[in-house]
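# Residue-level structural notes
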Amino acid sequence: MTGEPSPLDLAEKVDLWRQRFFEAQAAAEEFILGEHGEEGLAAWIQANSRITAELLRAQRPAGVSATDHFMTRLQHQLLLYDSAVTSEPGPSGTVLRNADCGILRYRRRAARAGVVLTFSSPCPYCQELNTAIAARYVEPDVKVLCEQAGDGCTWRAESPHAPGEDEAGSPHLGRAGD
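Analysis parameters
Residues numbered from 1 in each chain as written. Predicted model: local features only at pLDDT ≥ 70, side-chain atom pairs only at ≥ 80, totals over all residues. Heavy atoms only, no water. Phe/Tyr/Trp six-rings, centres within 6.5 Å; stacked < 30°, edge-to-face > 60°. Helix = DSSP H or I, 4+ residues; strand = E, 2+ residues; numbered from the N terminus. Buried < 20%, exposed > 50% of the residue type's maximum accessible area, 1.4 Å probe, protein only. Salt bridge = Lys/Arg side-chain N within 4 Å of Asp/Glu carboxyl O. Pairing = 2+ DSSP bridges. Expected span 1.5 Å × (residues − 1). Bend = angle between axes of the 7 residues up to and from the residue.

### Focus on the packing of aromatic side chains
One pass over the structure, following the stated rule, counts three aromatic pairs. Taking the centre distance of 5.4 Å and the plane angle of 75° together, the rings of Phe22 and Tyr106 count as edge-to-face. Note that Phe22 is positioned in helix H1 (residues 10–59) and Tyr106 in helix H3 (residues 102–112), a separation of 84 residues in sequence. Grouping residues by exposure puts Phe22 and Tyr106 together as buried. An angle of 70° between the planes, with centres 5.6 Å apart, marks the rings of Tyr81 and Tyr106 as edge-to-face. With Tyr81 in the loop between helix H2 (66–80) and strand E1 (84–90) and Tyr106 in helix H3, this residue pair connects regions lying 25 residues apart in the sequence. We classify Tyr81 as buried; its relative accessible area is 12%. Three or more aromatic residues joined by ring pairs make a cluster, and in this case those are Phe22, Tyr81 and Tyr106.

Next up, the structure:
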C-alpha cells in the first residue's frame, strides 16, 4: 500500500462509528455475561442507566422537561441507525413510533456477515436499558413504556396530568436535583 489513504466521506464515517460502537457494545456484553452472568448484565444496565441519567441532567436544555429531553434523545438514538421513527403528541404524553428499527436491521446485517451476536434480539436489552434510564430521569409521575411490534416498537411517555403540569397545576421541573 502506498500513498496517503483518501479521506472518508460523511456516510463512511457514520458507518465506521456505528460499527465501532457496535463492536465495543458487543464486547462489553459478551464479557459481562461470560464473567458475571445475567446478574452482571442487570448490574450493567443499572450502572449504564445511572450514568446516562446523570449525563442527561447535565445536558438538559433550559425550559425543556426531562421527559421531552429523554424522548428526543431516544428518537435521535433510533435515527442514528436510520430507523423509521416518528414522534407525535398523545392525550397523556409523547408517543414515538419506530416502524422499522434500524438497530435491529443493523444487527441482522452484522449476523449475516458472520458477527457473533450476544443476544438473539437487541429489543429486550434496549427496552430494559431505556426504561431504566427513564425511571431515573423523567418526572416522577411519568411512566415510560415500550411495546414491541414486528420489526419496531412504540414508546410512550404517559402522565396522568396534562402535559407540562403537575398535580398542583405548575409546570414540570423534573426530579429533585435535576
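Following the structure, the description resumes.
### A short note on the pattern of salt bridges
A complete count under the given rule lists eight salt bridges for this structure. Of the charged contacts, one joins Glu23 and Arg20 as a salt bridge, the two residues approaching to 3.2 Å between their closest N and O atoms. Separated by three residues within a single helix, Glu23 and Arg20 lie in helix H1, roughly one turn from each other. Glu23 sits in the partly exposed class, given a relative accessible area of 37%. Across the pair Arg97 and Glu88 runs a salt bridge whose closest N-O atoms are separated by 3.3 Å. Overlapping salt bridges bring together Asp15, Arg18 and Asp82 as one network.

### Some details on the pairing of strand E3 (residues 143–149)
Pairing of E3 with strand E4 (residues 152–158) involves seven bridges; the strand directions are antiparallel. Bridging across to E4, Gln148 finds its partner in Cys153.

### Details of H1
Under the 1.5 Å per step criterion, the end-to-end length of H1 is only 25 Å for 50 residues, more than 12% shorter than the ideal 74 Å. For H1, the principal kink sits at His36 and spans about 130°.

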